[in-house]
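# Descriptive analysis of the structure
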Amino acid sequence: MKLPKLPLYTKILIGLLAGVIFGISANRLGFSDFVFDYIKPIGSAFIRLISMVIVPLVFASLLVGITSLNDIRKLGRIGAKTVAYYLCTTIIAISIGLFLANALKPGAGLSEEARTKLITNSSEESGVQIKTDLKTPTVKDILLDIIPTNPVKAFTEGKMLQIIFLALMSGICLNLIPSERSKPVINFFEGINDVVIRMVHIIMKIAPYGVFALISAVTADFGLGILLLLLKYSLVVVIGLILHVTIVYSSAIKIFSKQKISTFFRGIRPAQMIAFSSASSSASLPVTMECTEKNLGVSEEICSFALPLGATINMDGTALYHGVSTVFITQVYGLSLTPVQQLTIVLTALLASIGTAGTPGAGVITLAIVLKSIGVPLEGIALIWGVERILDMCRSVVNVTGDASCAVVVASTEREL
Ligand code: ASP
């Protein structure tokens, strides 16, 4: 019997659901160790494979995109629109988070017993993480860090903003030198670009297995008890994320582009599922680029600029989570926030989310920056540690969706769609 050829999205979805069932069974029947030892490495291999292509993909596709763009003013316009979109949507995301947490009060009414249980359950693990990074990124630091002092270091350390900067400068300068000198270089990078895109196609074939392995490892490790204890808080974060996606991104697409909202969400699904299972918008980047170009019809020029930039600085899901978590922790401690403190949260969460790497668990570390800015004890992070991974998966989905919506909006306003 010949099996029907399923679309990639359906295969990944099957992998995801099978992973959840398998992981929960492992947890219940006591074979979690088997999952960690033998299944999880398949997921790690998948993540390593996609991570492998990120740096060459971003550099080559952006450089090729810039060299095909003869109008330097257009580049400036695309850049300004992209950054403006990212900043506005992030501020809206934090405001939604703050509004919901203030209105629904997830932290009020948590019993003393539940609080102690949460803190003792998780303080050891979270304590290690909290100490790692506490510097509030200033605008000056963020901007200066874009310029690499050593290009090779930028590549080896995978510093995305520096790689974008290098690709932009190289592309612009290639356009400024005689074409007989620039042509071979451009041809070379076009070749690299094609090879890397081919690699992405091959890697995507194993995505359903990778997703299965990643999700089963997460669910095999998950304690349902903690989720119930933090149910109200988790729900407020998830409701906020859903509202942000359905209201903000849908409206942006409706207002600025002619693309159907259903086409957008259908097209971006594979990237969302990779983001959900990997909890990393950086690791999802090659898939986000593929979906945005192939399924949503955005040009390579715009995708190769807006998406890597978004995977680095645009974290709406993380920013919303910062807003809800900060208010939740203050409510649990019985503190109240003044309007000035709420405004401080908006500003620091904006900077902290820009400074958050698109990797699993990065957002909870930068949450410490927000808490510190209004003088909330950092131990509060221990309270929410138990549901950190699951919320990380959800906010990563929003982060990649925001990047793709920006690419669609910018392409539409440039009359490219
Ligand atoms: N994991 C998130 C991402 O990659 C960042 C975060 O931890 O909030 O998009």
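This write-up is about the structure you can find in this document. Please read all numbers here as calculations on a predicted model, not as lab measurements.

## Let's talk about the overall build of the chain
Helix and strand counts for the chain stand at 19 helices and 0 strands. Relative to a compact globule of 417 residues, whose C-alpha radius of gyration would be 22 Å, the chain shows 22 Å and is just as compact. Its C-alpha atoms give the chain principal-axis dimensions of about 75 × 65 × 40 Å. For the chain, long-range pairs separated by at least 24 residues make up 84% of all intrachain contacts whose partners lie at least 6 apart in sequence. Put simply, the chain shows about 18900 Å² of open surface, and 67% of that area lies on carbon and sulfur atoms.

## Side note on the site of the ligand
Around the ligand lies a shell of 16 residues, among which Ser281, Thr318, Gly363, Asp392 and Arg395 are the nearest. One of the side-chain N or O atoms of Thr318 is found 2.6 Å from an oxygen atom in the ligand. Within the backbone of Gly363, a nitrogen or oxygen atom sits 2.6 Å from an oxygen atom of the ligand. Across the complex, the protein chains shield 100% of the 270 Å² of accessible surface that the ligand would expose by itself. Its residues placed into classes, the shell around the ligand shows 5 nonpolar, 9 polar and 2 charged.

## A look at the packing of helix 11 (residues 231–256) against helix 12 (residues 261–278)
Helix packing geometry: the angle between the two helix axes and the distance between the axes. With their axes 10 Å apart at the nearest point, helix 11 and helix 12 run at an angle of 115 degrees to one another. For the pair helix 11 and helix 12, the sense of crossing is right-handed. Residue-level contacts link Val245, Ser250, Ile253 and Lys254 of helix 11 to Ile261, Phe264 and Phe265 of helix 12. Looking at the contact of helix 11 with helix 12 residue by residue, the class counts come to 5 nonpolar, 1 polar and 1 charged.

## Section: a positive patch on the surface
Side chains of Lys5, Lys11, Arg198 and Lys205 sit close together on the surface and give a patch of like positive charge. Positionally, Arg198 belongs in helix 8 (residues 179–205).

## So, helix 15 (residues 316–332)
Along its 17 residues, helix 15 runs 24 Å from first to last C-alpha, staying within 8% of the 24 Å computed at 1.5 Å per residue. Of all 17 residues in helix 15, 17 are buried; the element is thus mostly enclosed. With its phi angle positive at about 75 degrees, Gly334 sits one or two positions after the end of helix 15.

## Regarding helix 8
Residues spaced three or four apart along an α-helix point in a common direction, a consequence of the helix completing one turn every 3.6 residues. Between its first and last C-alpha, helix 8 extends 38 Å over 27 residues, near the 39 Å set by a 1.5 Å rise per residue. Listed in full, the buried residues belonging to helix 8 are Ser182, Ile186, Phe189, Asn193, Val196, Val200, Ile203 and Met204. Check the buried side of helix 8 and you find it contacts helix 1 (8–29), helix 2 (32–67), helix 7 (160–176), helix 9 (207–220), helix 13 (281–294) and helix 14 (300–313).

## Topic: the packing of helix 3 (residues 72–104) against helix 15
In the contact formed by helix 3 and helix 15, the axes pass within 7 Å of each other and the chain directions differ by 25 degrees. By the angle between their directions, the pair helix 3 and helix 15 is classed as roughly parallel. Viewed along their axes, helix 3 and helix 15 form a crossing whose handedness is right-handed. On the side of helix 3, the interface is formed by Tyr86, Thr89, Thr90, Ala93, Ile94, Ile96, Gly97, Leu98, Ala101 and Asn102, while helix 15 contributes Asp316, Ala319, Leu320, Gly323, Val324, Val327 and Gln331. Taken together, the residues that form the contact of helix 3 with helix 15 break down as 10 nonpolar, 6 polar and 1 charged.

## Quick notes on a nonpolar patch on the surface
A cluster of nonpolar side chains, Leu228, Leu231, Leu235, Ile239, Leu243 and Ile247, forms an exposed patch at the surface whose accessible area comes to about 510 Å². Among the elements that line the nonpolar patch, the one with the most residues is helix 11, at 5 residues.

## Thoughts on the environment of Lys140
Mapping Lys140 onto the fold places it in helix 5 (residues 139–144). Counting along the chain gives 138 residues from Lys140 to Ser278, while the straight-line C-alpha distance between them is 31 Å.

## Some words on the packing of aromatic side chains
The final tally for this structure, using the stated rule, is 10 aromatic pairs. Each ring, one from Phe59 and one from Phe155, has its centre 5.1 Å from the other, and the planes form 80 degrees; the classification is edge-to-face. Here Phe59 is found in helix 2, whereas its partner Phe155 is found in helix 6 (residues 151–156), with 96 residues between them in sequence. Of the residues examined, Phe59 reaches a relative accessible area of 11% and is grouped as buried. With a relative accessible area of 28%, Phe155 lands in the partly exposed category. Centre to centre, the rings of Phe59 and Phe189 are 5.4 Å apart; their planes meet at 70 degrees, and the pair counts as edge-to-face. Of this pair, Phe59 sits in helix 2 while Phe189 sits in helix 8, and the two are 130 residues apart along the sequence.

Conventions adopted
- Residues numbered from 1 in each chain as written.
- Predicted model: local features only at pLDDT ≥ 70, side-chain atom pairs only at ≥ 80, totals over all residues.
- Heavy atoms only, no water.
- Helix = DSSP H or I, 4+ residues; strand = E, 2+ residues; numbered from the N terminus.
- Rg over C-alpha atoms; globule rule 2.2 N^0.38 Å.
- Contact = heavy atoms within 4.5 Å.
- Areas by Shrake-Rupley, 256 points an atom, 1.4 Å probe, with all protein chains shown as cover.
- Near = heavy atom within 4 Å.
- Polar contact = N/O pair within 3.5 Å; in protein donor to acceptor, adjacent residues only side chain to side chain.
- Nonpolar A, V, L, I, M, F, W, Y, C, P; charged D, E, K, R; others polar.
- Axes fitted to C-alpha atoms, helices over the stretch in contact; angles between N-to-C directions.
- Left-handed = near helix turned anticlockwise from the far one by under 90°.
- Patch = residues over 30% accessible without salt bridge, like charges linked within 9 Å, V, L, I, M, F, W, Y side chains within 5 Å.
- Salt bridge = Lys/Arg side-chain N within 4 Å of Asp/Glu carboxyl O.
- Lys, Arg positive; Asp, Glu negative; His and termini not counted.
- Charge placed at Lys NZ, Arg CZ, Asp CG, Glu CD.
- Expected span 1.5 Å × (residues − 1).
- Buried < 20%, exposed > 50% of the residue type's maximum accessible area, 1.4 Å probe, protein only.
- Parallel < 35°, antiparallel > 145°, perpendicular 65-115°, else oblique.
- Phe/Tyr/Trp six-rings, centres within 6.5 Å; stacked < 30°, edge-to-face > 60°.

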